[in-house]
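Residue-level structural notes
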Amino acid sequence: MYIKKQIDEWLLAEFADQDARFKAGLIINFSAIAIVFALFYFALTLINHLAEVRYVMMADVVLFGLVILLLYRTKSTFWAGQCYVLICWLTTFVLIYVTGGTRSIILAWLPIVPLVALLLIDRTWAWIWLALTAVQLAVYWIYDYLGLALPYYPITATSLYIVPVAFGILVILLWITQIFDSQQKQLRHALITTNKQLTTSEEELRQNLEEMRSIQDIISQREKQLRLNKEKLEHYNQLLMDLVKSKPIQQGFLDEAISGILTVAANGMGVSRASVWQYTGNPAAITCLSLYQSQEKTFETGAVLKAIDFPSYFKNILSEGIICANDARFNLATREFKDTYLVPLRIYSMLDVPFHVNGNFHGILCFEQQDSVREWTAEDSAFAKSLADITSLAFVSANRRAAKEQIIAQGLKIMEQHDQLKVYSDEIKAINQQLEKRVAERTEKLSQQNERMREYSFINAHLLRGPSCRIQGLIDLLNSQQLSPDEEAQVIHYLEVSATELDTIIRKITTTLDTQEPVVSMNKEFEI
């Protein structure tokens, strides 16, 4: 079993064609059988003392072994089969000759030669060896007719009848095999055609399978990329949510807000540098408010880039908005920075996003990658735009905080003015009381001047009371209503005018009383 297994493995390894592998197996098996048969007859010759047959059998053992060796060395079933048939033909030729020619019982072995040729070679060579065998038989008959055969065996009818019958059967067998071979060729052609079709279909199926596998790989890669993008977006969204809720942005602390935005941007996106630049329109330029370097974890400020030096960049950022430069040194919008900015700072990629305040272009949020080129993804661009919106929110909150502080300062100033006006009102009231006291004293002293006092009462009622009432009304107006700064200034102006008018009237009255001038003249002087 071990030898058979080794032979089968050798046949599979050396003969790719199935027909050649089958014939090689037959040659090995037939040679082994022939060797065993020759050894058996060699043993019989020791009993019947047929020395010639013994030598033939010894030669056959060697020759059939050489056939196996020939097949092993040349891997040619044709020549190994021809040698096997030739050895069979020579063996029968010699044995028949030495055992009685046409009278030999071995004459019946002759049909074996073309039959073996049919099995080991092909049908054409079977006919050829059949013809050679017929010639061999004719030679035997000629030898017998001339009396040249060796009469080891007595003539028998059996040998003479067996040979024609055997040849007839062999001819019929060859004819049947020819028909079978023709049908086999047709079947083989059909099988080959079907096999080609199957091979084509199999190739198409294989290609389709490869395409499906390629598509499946692409789908798997895209699913993996989508999963990574989803995780990145979730990470970005969480950073944005935390950033929007931060106290500096909500309460308008601009410096702290910008520092927080740049730190989150650089660490979240994994870039080397992140910066905020503020735009000034006349002359057009951008000024670095803050630049964060992720490796050193430091902040810088103060750099200025002028539009006159980098016109293409400013044109693109003002017209197209976002600038996504994977290779910033060759990008049309950013290549102007190559010699003065990109190369000295080892920057290869830039992502610049503008931000607006109150609908106006206010500045740029810039992301920069050092030492290597970075392919910016859609997620990176979306995250950068969101950070730009948060930057706008930080500026709006800072403006709101500044306006609120200004309003508070103005309110405090108004309160101070209100207190001062109250003091003025109290002083005016004291003056009024003092004036009334002085008038009363003067009235008591000048009781004899009833007419002058009546005129003085008229003046007090119509001239002195007018400014006083206006001052009192203005004070009440300040206390009762929320006025704008302009309105408060106007009220204070009116108070000053009324106080001046009142003071003028009081001085005139005092002068009139002191100088004893006619009261009627003063009345005409202040008459409106």
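All values derive from a computational prediction rather than experimental measurement.

1. Comments concerning the overall build of the protein
Helix and strand counts for the protein stand at 15 helices and seven strands. Buried positions account for 36% of the 528 residues belonging to the protein. Summing over all exposed atoms, the protein offers an accessible surface of approximately 31800 Å²; the carbon and sulfur share of this is 60%.

2. A word on the environment of V357
Along the chain, V357 turns up in strand β6 (residues 347–357). Exposure remark for V357: the relative accessible area of 7% places this residue in the buried category. In contact with V357, other than residues within four places in its own chain, are H362, S392, F395, V396 and N399.

3. Description of the confidence of the model for the protein
In this model, the protein carries an average pLDDT of 77, and 80% of its residues clear a pLDDT of 70 or more. Low pLDDT, under 50, characterises residues 150–163; the predicted model gives this stretch 25 contacts beyond four residues in sequence or across chains.

4. Side note on the environment of W109
Within the secondary structure, W109 is located in the loop between α4 (77–98) and α5 (112–120). With a relative accessible area of 21%, W109 lands in the partly exposed category. Considering only alpha carbons, one finds W109 and W89, 20 residues apart in sequence, at a separation of 9.5 Å. Once you skip the residues sitting within four places of it in the chain, W109 turns out to touch F37, Y41, T92 and L95.

5. Observations regarding the nonpolar core
M269, F367 and L387 are the most contacted members of the largest nonpolar core, which has 30 residues in total. Secondary structure elements with two or more residues in this core: α7 (157–244), α9 (254–269), β1 (273–281), β6, β7 (360–370) and α12 (378–445). Apart from the residues lying within four places of it in its own chain, the contact partners of L387 are L240, L243, I261, A265, L365 and F367.

6. What to know about α9
Between its first and last C-alpha atoms α9 spans 22 Å; for 16 residues at 1.5 Å apiece the expected length is 22 Å, and the two agree. Every buried residue belonging to α9 is among A257, I258, I261, L262, A265, A266, G268 and M269, and all of these are buried. Taken from the residues just after α9, G270 is the one with a positive phi, measuring 70°.

7. Comments concerning the packing of aromatic side chains
Tallied over the full model, the rule gives 12 aromatic pairs. With a centroid separation of 5.1 Å and an interplanar angle of 80°, the aromatic rings of F78 and W79 are classed as edge-to-face. Each ring, one from Y313 and one from F337, has its centre 4.9 Å from the other, and the planes form 70°; the classification is edge-to-face. Of the two residues, Y313 sits in helix α10 (residues 311–319) while F337 sits in the loop between β5 (323–325) and α11 (338–342), which places them 24 residues apart along the sequence. As far as the burial class goes, Y313 and F337 line up, both buried. Among the aromatic residues, those joined into a cluster by ring pairs are F310, Y313, F314, F337 and Y341. Positioned above the aromatic ring of Y348, the side-chain terminus of R329 is 3.9 Å from the ring centre.

Procedures and definitions
- Residues numbered from 1 in each chain as written.
- Predicted model: local features only at pLDDT ≥ 70, side-chain atom pairs only at ≥ 80, totals over all residues.
- Heavy atoms only, no water.
- Helix = DSSP H or I, 4+ residues; strand = E, 2+ residues; numbered from the N terminus.
- Buried < 20%, exposed > 50% of the residue type's maximum accessible area, 1.4 Å probe, protein only.
- Areas by Shrake-Rupley, 256 points an atom, 1.4 Å probe, with all protein chains shown as cover.
- Contact = heavy atoms within 4.5 Å.
- pLDDT = per-residue confidence, 0-100.
- Core = buried A, V, L, I, M, F, W, Y, C linked by side-chain atoms within 4.5 Å.
- Expected span 1.5 Å × (residues − 1).
- Phe/Tyr/Trp six-rings, centres within 6.5 Å; stacked < 30°, edge-to-face > 60°.
- Lys NZ or Arg CZ within 6 Å of the ring centre and 35° of its normal.

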